[in-house]
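Spelled out from the first residue to the last, the chains are:
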Amino acid sequence: MRAWTLDNFGLENLNLREVDVPSPAPHEVLVKVSAVSLNYRDKALVDGIYAPEKMPKGLIPGADSAGTVAAVGRDVTKVAVGDRVTSHFYSTWQDGPWLPEYADFQLGGPLDGGLAEYQLLSEDSVVPTPPDMTDVEAATLPIAGLTPWFAMREYRNLKAGDSVLIQGTGGVSIFAIQLASAMGARIIVTSSSDEKLLRARELGATDTINYRTSPDWAGAVLELTDGAGVDVVLDVVGGDGLRNSVRAAKGNGLVAVIGFLDGQTTTLDLMDVIWHQTQIQGIAVGHRRSFNDLVRFLDKHAIHPVIDSVFPFEEAPRAYEKLAQGAFGKIVIEVA
Ligand SMILES: NC(=O)c1ccc[n+]([C@@H]2O[C@H](COP(=O)([O-])OP(=O)(O)OC[C@H]3O[C@@H](n4cnc5c(N)ncnc54)[C@H](OP(=O)(O)O)[C@@H]3O)[C@@H](O)[C@H]2O)c1
């Protein structure tokens, strides 16, 4: 089969090769991959800034994939040949609290990902593809869909009338807008672009802030909420901006620490955290039970992912370059 392999860090070391089609061991399934979506982590991994010490040479990258089961190993009971499936990123995290050992079983590094014609997956690391979604759409769900869902549903159970602040218009954030809108929340979105903010409104954003022209976006959030702040902040930017996320949250509000676009370390004003009694919650995507819940929710609300662009398999490096330039929604590589 053809597979992209990361033979060293740097996009120039992502090579298209012929490798053997793997065969499924007990409890494993062989998936004919149709589509792979890219996340910021996939690019950070190629650049060598995402846990580089854990990445094997010759890794097949691509955390998120969707396709059809082509063969099953012995004792597989949960899926059958012909089923449409979507990969589950933390492949061994099924439910319950996070355990450190899950970290070594991330698809697309350290475990092989989906950027190949076939992918081996455990029967426990797939979920059924939502029936009304194409594989291109479904491939966007495992990280970008599950992460904001996990934060808003598992840690706060966001409901109608609650408010949420969403930063930017990348993959995670666009899903967050769609999900929060279906939950009936008030949605404040920040972006560097007025044009993207207009599109965010079409997806359900109720208030928008351009963080370039209004650098004190936390102040703007407080103004919009009569000084109260929001129930939930989805912080995908990280860095020192985290202190402003705390400012923008209500008393007892939840600040979900998701991303690190602006840096992996921060300085906080602890008095803000203490006085606001802020709940600062790290998020690492989510478990498979929650992913199944998400699939049902998407189906019920007929939500379809927002796809920025689709690249052919042979042009995978161009998809990574496009991600670096910024996208509205998701970038997908079509494999088959
Ligand atoms: N912890 C987890 O489980 C988890 C899961 C998924 C992603 N993440 C992390 O979350 C972050 C976003 O991931 P992604 O895949 O959604 O990335 P992405 O698709 O590349 O989106 C990035 C977007 O963030 C916005 N942005 C950048 N700098 C900003 C700033 N200073 N203030 C506000 N918005 C800013 C930009 O939106 P505009 O163009 O609109 O300005 C940009 O388009 C990454 O750090 C990623 O690693 C973490």
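Sequence order sets the numbering: in each chain, residues are counted from 1 along the sequence as written. Owing to the predicted nature of the model, reporting of local features is limited to residues with pLDDT of at least 70; listing and counting of side-chain atom pairs is limited to 80 or more, with chain, interface and lining totals taken over all residues. Excluded from the side-chain calculations are hydrogens and water; all other atoms, namely the structure's heavy atoms, are used.

Novice: Explanation requested: the overall build of the protein chain in the structure shown.
Specialist: The helix and strand labels rest on DSSP assignments: H or I over at least four residues marks a helix, E over at least two residues marks a strand, and numbering proceeds from the N terminus. The number of helices and strands found in the protein chain is ten helices and 15 strands. Computation of the radius of gyration draws on C-alpha atoms alone. For the globule rule, the value is 2.2 Å times the number of residues to the power 0.38. For the protein chain, whose C-alpha radius of gyration is 20 Å, the value lies close to the compact-globule estimate of 20 Å for 336 residues. Along the three orthogonal principal directions, the C-alpha set of the protein chain runs to about 60 × 40 × 35 Å. Residue contacts are counted whenever heavy atoms from the two residues lie within 4.5 Å of one another. Contacts spanning at least 24 positions in sequence make up 69% of the contacts within the protein chain whose residues lie at least 6 apart. Per-residue accessibility takes into account occlusion by the displayed protein chains alone, with areas from the Shrake-Rupley method and a 1.4 Å probe. Looking at the protein chain as shown, the accessible area adds up to about 13,700 Å², and 51% of this sits on carbon and sulfur atoms. One finds the centroid of the 28 positive side-chain charges in the protein chain at a distance of 3 Å from the centroid of its 43 negative side-chain charges. Counted charges follow a simple rule, with Lys and Arg positive, Asp and Glu negative, and His plus the chain ends left uncounted. Throughout, a charge is located at the NZ atom of Lys, the CZ atom of Arg, the CG atom of Asp or the CD atom of Glu.

Novice: Quick question: what am I supposed to make of the packing of aromatic side chains here?
Specialist: For any pair of aromatic rings, the description consists of the separation of the ring centres together with the inter-plane angle of the planes. Think of it this way: a Phe, Tyr or Trp ring, Trp meaning its six-membered ring, pairs with another when their centres are within 6.5 Å, and the plane angle makes it stacked under 30 degrees, edge-to-face over 60, tilted otherwise. In total, this model carries eleven aromatic pairs according to the counting rule given. Considering the side-chain rings of tyrosine 90 and tryptophan 93, the 6.1 Å spacing of their centres and the 75° angle between planes classify their relative orientation as edge-to-face. For the pair tyrosine 90 and tryptophan 93, a shared accessibility class is recorded, and that class is buried. For each residue, the accessible area found with a 1.4 Å probe, counting protein chains only, is set against the maximum for its type, and the residue is called buried under 20%, exposed over 50%, and partly exposed in between. By relative accessible area, which is 3% here, tryptophan 93 ends up buried. An aromatic cluster is present here, built from Phe89, Tyr90, Trp93, Trp98, Tyr102, Phe150 and Tyr155 joined pairwise through their rings. Distance and angle both matter: a charge sits over a ring if NZ of Lys or CZ of Arg is within 6 Å of the ring centre and within 35 degrees of the ring normal. A cation over an aromatic ring shows up here: lysine 32 above the ring of tyrosine 118, its NZ or CZ 5.4 Å from the ring centre.

Novice: What should I look at first to understand the pattern of salt bridges in this one?
Specialist: Where charged atoms of side chains with opposite charge meet at close range, the side chains can pair. We define a salt bridge as a contact between a side-chain nitrogen of Lys or Arg and a carboxyl oxygen of Asp or Glu at a distance within 4 Å. Inspection of the entire model under this criterion finds 21 salt bridges. The partner of arginine 74 in a salt bridge is aspartate 75, with the nearest N and O atoms 3.4 Å apart. When the shortest N-O distance is used, the salt bridge between aspartate 231 and lysine 250 registers 3.2 Å. Remark: lysine 250 occurs in strand 12 (residues 249–257) and aspartate 231 occurs in strand 11 (residues 230–235); sequence separation between them is 19 residues.

Novice: What am I meant to see in the UniProt feature "domain: Enoyl reductase (ER)" (unreviewed entry) in the protein chain here?
Specialist: UniProt positions are given in the numbering used here, feature names are shortened, and annotations may be inferred rather than shown by experiment. The sites that UniProt annotates as "domain: Enoyl reductase (ER)" (unreviewed entry) are residues 10–333. Each end of residues 10–333 is marked by a C-alpha atom, and these two atoms are 19 Å apart; helix forms 29% of the span and strand 25%.

Novice: I'm lost on the layout of surface pockets in this one. Help?
Specialist: Considering only enclosed or pocket space, the second largest pocket measures out at about 310 Å³ in volume. Taken together, 18 residues line the second largest pocket, and the ones lying closest to its centre are Glu28, Asp112, Gln119, Leu120 and Leu121. Sort the elements by how many residues they give to the lining of the second largest pocket and strand 6 (residues 118–122) lands first, with five residues. Under this grouping Gly is polar, as are all residues other than the nonpolar Ala, Val, Leu, Ile, Met, Phe, Trp, Tyr, Cys and Pro and the charged Asp, Glu, Lys and Arg. Looking at the lining of the second largest pocket residue by residue, the class counts come to eight nonpolar, seven polar and three charged. With a 1 Å grid spanning the protein atoms alone, the term cavity applies to any set of points in which a 1.4 Å probe fits but cannot get out, the term pocket to an open set with protein on both sides within 12 Å along at least five of seven lines, and the term lining residue to any residue with an atom within 4 Å of a point. Grid points are joined across faces, edges and corners, and a volume is the space filled by probe spheres set on the points.

Novice: Looking at this structure, how should I read empty space enclosed by the protein?
Specialist: Left-over empty space is what a probe sized like a water molecule reveals as it rolls over the atoms. Taken as a whole and assessed by the stated rule, the structure comprises one cavity of 30 Å³ or more. Of the pockets and cavities examined, the largest cavity occupies roughly 30 Å³. Every residue along the wall of the largest cavity is listed here: Pro130, Asp132, Met133, Leu298, Asp299, Ala302, Ile303 and His304. Residue composition of the lining of the largest cavity, grouped by class: five nonpolar, one polar and two charged.

Novice: In this structure, what is going on with helix 10 (residues 316–325)? I would like to understand it.
Specialist: Restricting attention to buried positions, one finds in helix 10 the residues Ala316, Pro317, Ala319, Tyr320 and Leu323. The buried residues of helix 10 all sit within an arc of 155° when viewed along its axis, so they share a single face. The inward-facing, buried residues of helix 10 contact strand 1 (2–6), strand 2 (14–18), strand 3 (28–38), helix 1 (40–46), strand 14 (307–312) and strand 15 (330–334). Positive phi shows up at glycine 326, right after helix 10, with a value of about 100°. This arc corresponds to the set of directions leading from the helix axis out to the C-beta atoms.

Novice: Any chance you could explain the site of the ligand here in plain terms?
Specialist: In the neighbourhood of the ligand, 21 residues make up the surrounding shell, with Thr169, Ser191, Tyr211, Ile283 and Val285 lying closest. At 2.7 Å, a backbone N or O of valine 285 approaches an oxygen atom of the ligand. Of all the secondary structure elements, the ones that give two or more residues to the shell around the ligand are helix 3 (141–154) and helix 4 (171–183). Here the shell around the ligand is built from residues that sort into twelve nonpolar, eight polar and one charged. The rule for a residue being near a molecule or strand is that one of its heavy atoms must lie within 4 Å of it. Here a polar contact is taken to be a pair of N or O atoms separated by no more than 3.5 Å, where protein atoms must pair a possible hydrogen donor with a possible acceptor and residues adjacent in sequence count only if both atoms sit in side chains.

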